[in-house]
Structure formats: structure tokens, C-alpha cells
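Tertiary structure, described
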Amino acid sequence: MLKKLFQSFRYPLRYTQHIQGTPKVLNSDQHSLERAKFSRYAVNIIERLQNAGYQAYLVGGCVRDMLLNITPKDFDVATSATPEQIRNEFRNARIIGRRFKLVHIHFGREIIEVATFRAHHPQNYEAANTNQSSRNESGRILRDNVYGTLEEDAQRRDFTINALYYDPVSNHILDYDNGIHDIRNNLICLIGDPMQRYQEDPVRMLRAVRFAAKLNFGIEKHTAAPIHNLAPMLREIPSARLFEEVLKMFLSGYAANTFKILVDLQLFDPLFRASAEALKYNPIYTHTLISEALIRTDLRIKQNKSVTPAFLFAALLWPALLMRALRLQERGMLPKLAMQEAAHKLIIEQCQHITIPKRFTMLIREIWNIQERMLYRSGKRADLLLNNPRFRASYDFLLLRESAGEQTGGLGEWWTNYQNANDSQRRNMIHNLDSKRDRVGDDLKKRCSNNTKRRHSSINAAGAASE
Ligand code: ATP
Ligand code: MG
């Protein structure tokens, strides 16, 4: 894997060759794109903008993906028209965005994103303050609304394969920085000086990983080299933006591959610090529970089944949860309370880096809580739990834990059989449990009731949902 990632490159100092003003122009004989395969709305927008005297192209992921025979997620248009000029041309256009001012043009449920050409940023902090753009002391771009020429727009894009411009009217591709070459050679290569480009926007490190995983490309060696040193810069990124990026990385159908590359490049640590620490002590979870959860997520996406970020985060954080809970138990806290306390603190801590919305943190907590509730099956409890809307996710999670070697006393198998059983078989299964007095649950209950006072104060402190 590492070998593939750090493929050596034919032009070792390539990033010093800055984009020249003149692009390579590929005519219809030299590329495989067909205008009819692109969104007709996007093509229509381009025709109208060009007729109104502006430059306009399809750009970014849709050109890259079409060249690779992948169905694009969306169709982005870049133009010389400003957002206001675009809005004047299209009644169905809305200006959006703060960091990047963009225009969304609505056609029923389809939205085409139209962006005005942008220029690079002044490199030093003082210069930045005299312009519309601004950077912080470490070079990170905070606002990005400096309009520019087509050439400048190509230069400020992240990777060469994302800087290809397709004109569906003339059927030409403009290639400013060897994007076609890199597509043919399966390479993710930053435009410009990699160190500076990551400092401007550290999220580009995650984008490199995302595209490498999605396209099964290698990361060019100069593009990969600075990541190790610059990875901690991810901690400066607003936590809400990181949540969006993490979702794109893990919910696009390539999560398992993404995770491997993140770990190889040591980018997992700044995103999930507590988990990375726990995985050092308990590496088995990397190759079992977490990898399995990601493989299953990818499979569900390929089968067009729903996936929830909560399940993913529940898995990514589980090794850290266990480690924290164990530490609390060693200090004398009861197992159940230790889990609740650890869960509460872990989620607060994780949300400081990656804002997980409350609807998902609640679901994560439920999946974790149900792990314990699945022990108590006597009377009507098993049926009640089976009807819980979170049961299926929690049961899948239990199986993942077992795949990591956690000893559950055959709980996964019991619940599998219970779901497959008819009514009378289920009654028998519960009866057999009753005769064994559902021991694990009863013992724990007895211990808990001896500590009622302590239990209540701890649960309140943890704000945890008890059974
Ligand atoms: P996909 O939509 O398939 O995830 P994409 O390449 O279209 O991939 P987007 O996030 O939609 O990715 O961005 C559109 C284009 O905008 C990119 O192809 C790239 O040219 C440019 N871009 C996006 N984010 C950045 C960034 N952080 N730095 C520089 N350029 C960027
Ligand atoms: Mg896109």
C-alpha cells in the first residue's frame, strides 16, 4: 500500500514548474468526453453564459470522473461572470456561501453550482490584509473571494486532475498542469508547492486521501511528503467543516480504503485523537471492528441502502470508549456507570475537533447503551428491545464487537437465533434463560441497587440515558 501511495514521479521537482499561461488544448479526437453525457442543465448554463459574452466551462470532479468512466456526483461550472452577473442571467439562481461565494442554479431537484474564476492569494499576512482575501499567521486562507482569470482559477485549484476545463460547445478540454497525464498515470498531484498549498488549506491533505481512495490512485511523492509534518494543522480547521469532510471520506463508498490511507499517512490521529491512542494499545480493533464497520458501510452504499454517520462514529470511537471505561473501573466505578461517564466525556472531547450534530451523538449513545441492554433478556425485555428502532444497528454493532474478539458469552448468536425463531421457540429461549436466572443481568442489577445513591449522582453527572 505504502509503495503504491508514494510512487516516485518522472519529474522530481515538478512543483517548481508553475502553471504557464497557455494550456494544452485537447480537441475531440484527443479525449473521450461526450457533451451528451453531461447534465443538460449544466451544458445549457454554459451555452447561455457564453452567448452573454462570458467564459464558461465544466470543471473539477465531473470532468475528472467522466474521463475515468465514473458517474459524477455533481456538475460544477466555472465562469468569468461574477455571482451578481450570473444571477442577472438566471431567474432560478441563488447566491450562497461565505467562505466561497457561489451561485446555485435550480432545475427542479437538480442544482448546478456555478463559481466565478478565482485567483491565488497574496502570500504574506500583511499583503493579505490589504486585499479581499485573508490568511492567518500560519498561511491558512480564511476568506477566498478574490476573482481572477481562467489561468488563475486553474492555479488555485487543489490537484492537477481537478483542474481540467471542458467546453461542451467546442468539445475541447483545457489542461493547464498535466491533469490528463496524471489521470492516465493514476496520480494525485497538488498544483504548486505542496507545503504552501497545505498550509493555505490543510483540508487538502484529507482531499488527497479521499481522491486516492475513491479513484484508487497513488499520491505523488512530493504531494505526500509534507503531510506527516503538517497533519497537526488539521486541528486548526473549524470542527463543523471537518465533520463535513469526514462524512465525505467515510460515506462515499470507499471508507475502508480511506481509513487505511489515513492511518498510513498519520492523518487519523489529528481527527480521532482518543481512538488513535486506544488503537496503539489495542491494534486488533483496527483490523477487526473498525475495518469491518467500514467495509459494511461501503457495501451498504453500493447496495443503495441507508447508512447513518452515527454507526460509523460509534465504531470509530468504541476502542477509546472501552479504554476510558476501563480506567474509570480501575478507579472503582461500576462497569455500567464507567461506560456512561466515559461515553459522555469522549463525545464532548471528540466534538471539539469534529462537530457531530446532536441527533447523531444521541444515536451513538443509544447504540452503545443497547450493547449492555442486550444482556437482559428475561420476561418481555427481549421483545421490547427487538422492537426498539435502534435494535438492528445495535445488533450489527454487537457482531462487530465479537469479530474483534470481545467475549460476550455467545450473545450475538443468541440474538441471531431469537430473531429467526417463531413465537413458541422464542418463549422457550426466554424460559431457558429464566431458568438460568439471566445471571449476568441479575448480578449486575444487585450490585447497582446497592449503590443507588452513587448511581443516580453519576448518571446525572453524565447526563446519560439509563435503561
Ligand atoms: P467530488 O464532488 O466528486 O467529491 P470534486 O473534485 O468535484 O469531487 P468538490 O469538493 O466538489 O470536489 O470541489 C470542486 C472543485 O473545486 C475541485 O475539483 C477542485 O478543483 C476545487 N476545490 C475544492 N476544494 C478545494 C480546496 N480545498 N482547494 C483548492 N481547490 C478546491
Ligand atoms: Mg464536485
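Here the structure is a predicted model, which means the values were calculated and not measured.

1. Observations regarding helix H21 (residues 391-403)
In this model, H21 (13 residues) spans 18 Å end to end at C-alpha, consistent with the 18 Å of a helix rising 1.5 Å per residue. All of the buried residues along H21 are Phe391, Ser394, Tyr395, Asp396, Phe397, Leu398, Leu400 and Arg401. Tucked inside the fold, the buried residues of H21 contact helix H16 (284-302), helix H17 (309-330), helix H19 (358-373), helix H20 (381-386) and helix H22 (411-420). A positive backbone phi angle near 90° is found at Gly405, which sits one or two residues after H21.

2. Considering the UniProt feature "active site" (unreviewed entry) in the protein
The positions that UniProt labels "active site" (unreviewed entry) are, in the present scheme, Asp74, Asp76 and Asp158. Counting through the fold element by element, Asp74 comes out in the loop between helix H3 (61-67) and strand S3 (76-79). For Asp76, the position within the fold is in strand S3. Looking at Asp76, the relative accessible area reads 23%, which means it is partly exposed. Dropping the residues within four chain positions of it, Asp76 is found in contact with Tyr57, Leu58, Val59, Cys62 and Glu113.

3. Here we look at the nonpolar core
Ranked by internal contacts, the top residues of the largest apolar core, which has 110 residues, are Leu58, Ile188, Phe250, Leu267, Leu271, Phe272 and Trp368. For this core, the element with the most residues is H17, which contributes 14 residues. A domain-level breakdown of this core finds at least three residues from each of domain 1 (12-193) and domain 2 (276-420). The next biggest cluster of nonpolar side chains, apart from the first, holds 18 residues, and it includes Met374, Tyr418, Ala421 and Met429.

4. Quick notes on the pattern of salt bridges
Taken as a whole, this structure holds 20 salt bridges when the rule is applied. We note a salt bridge from Glu34 to Lys37, for which the minimum N-O separation is 3.6 Å. Since its relative accessible area comes to 42%, Glu34 is described here as partly exposed. The closest approach of N and O atoms between Asp158 and Arg207, which form a salt bridge, is 2.6 Å. Of this pair, Asp158 sits in the loop between helix H6 (150-156) and strand S9 (164-167) while Arg207 sits in helix H9 (residues 203-215), placing them 49 residues apart in sequence.

5. Describing the packing of aromatic side chains
The way to describe two aromatic rings as a pair is by their centre distance and the angle between their planes. Under the criterion given, the structure shown has 19 aromatic pairs. A centroid spacing of 5.2 Å and a plane angle of 80° characterise the contact between Trp318 and Phe397, whose relative ring orientation is edge-to-face. On the criterion of sequence distance, the pair formed by Trp318 in helix H17 and Phe397 in helix H21 is long-range, its members being 79 residues apart. The residues Trp318 and Phe397 share a single accessibility class, namely buried. In this structure an aromatic cluster arises from ring pairing among Phe243, Phe259, Phe268, Phe272, Phe313 and Phe360. The aromatic ring of Tyr254 is capped on one face by Lys302, whose charged end is 5.3 Å from the ring centroid. Lying across the ring of Trp414, Arg377 places its NZ or CZ 4.8 Å from the centre.

6. Considerations on the site of ligand 1
The full set close to ligand 1 counts 18 residues, and Arg64, Lys73, Asp201, Arg204 and Arg210 are the nearest of them. In this structure, Asp201 approaches ligand 1 through a side-chain N or O atom, which is 2.8 Å from a nitrogen atom. When isolated, ligand 1 has an accessible area of 580 Å², and the protein chains bury 87% of it. Where the shell around ligand 1 is concerned, the elements lending two or more residues are H3 and H9. Looking at the shell around ligand 1, the element that brings in the most residues is H9, giving 5 residues. Looking at side-chain class alone, the shell around ligand 1 contains 1 nonpolar, 3 polar and 14 charged residues.

7. Observations concerning unusual backbone geometry
Phi at Asn69 takes a positive value of approximately 60°, unusual for a residue other than glycine. Inspection of the secondary structure puts Asn69 in the loop between H3 and S3. One non-glycine residue, Asn186, lies in the positive phi region at around 55°.

8. Description of H9
In this model H9 runs 18 Å from its N-terminal to its C-terminal C-alpha over 13 residues, within 8% of the 18 Å that 1.5 Å per residue would give. With 12 of 13 residues buried, H9 lies mostly within the body of the structure. By the burial criterion, the buried members of H9 are Val203, Arg204, Met205, Leu206, Ala208, Val209, Arg210, Phe211, Ala212, Ala213, Lys214 and Leu215. Positive backbone phi, approximately 60°, marks Asn216, located one or two places after H9.

About the criteria used
Residues numbered from 1 in each chain as written. Chains lettered and ligands numbered in written order. Predicted model: local features only at pLDDT ≥ 70, side-chain atom pairs only at ≥ 80, totals over all residues. Heavy atoms only, no water. Helix = DSSP H or I, 4+ residues; strand = E, 2+ residues; numbered from the N terminus. Expected span 1.5 Å × (residues − 1). Buried < 20%, exposed > 50% of the residue type's maximum accessible area, 1.4 Å probe, protein only. Contact = heavy atoms within 4.5 Å. UniProt positions renumbered as here; feature names shortened; annotations may be inferred. Core = buried A, V, L, I, M, F, W, Y, C linked by side-chain atoms within 4.5 Å. Domains from an automatic or database assignment. Salt bridge = Lys/Arg side-chain N within 4 Å of Asp/Glu carboxyl O. Phe/Tyr/Trp six-rings, centres within 6.5 Å; stacked < 30°, edge-to-face > 60°. Lys NZ or Arg CZ within 6 Å of the ring centre and 35° of its normal. Near = heavy atom within 4 Å. Polar contact = N/O pair within 3.5 Å; in protein donor to acceptor, adjacent residues only side chain to side chain. Areas by Shrake-Rupley, 256 points an atom, 1.4 Å probe, with all protein chains shown as cover. Nonpolar A, V, L, I, M, F, W, Y, C, P; charged D, E, K, R; others polar.

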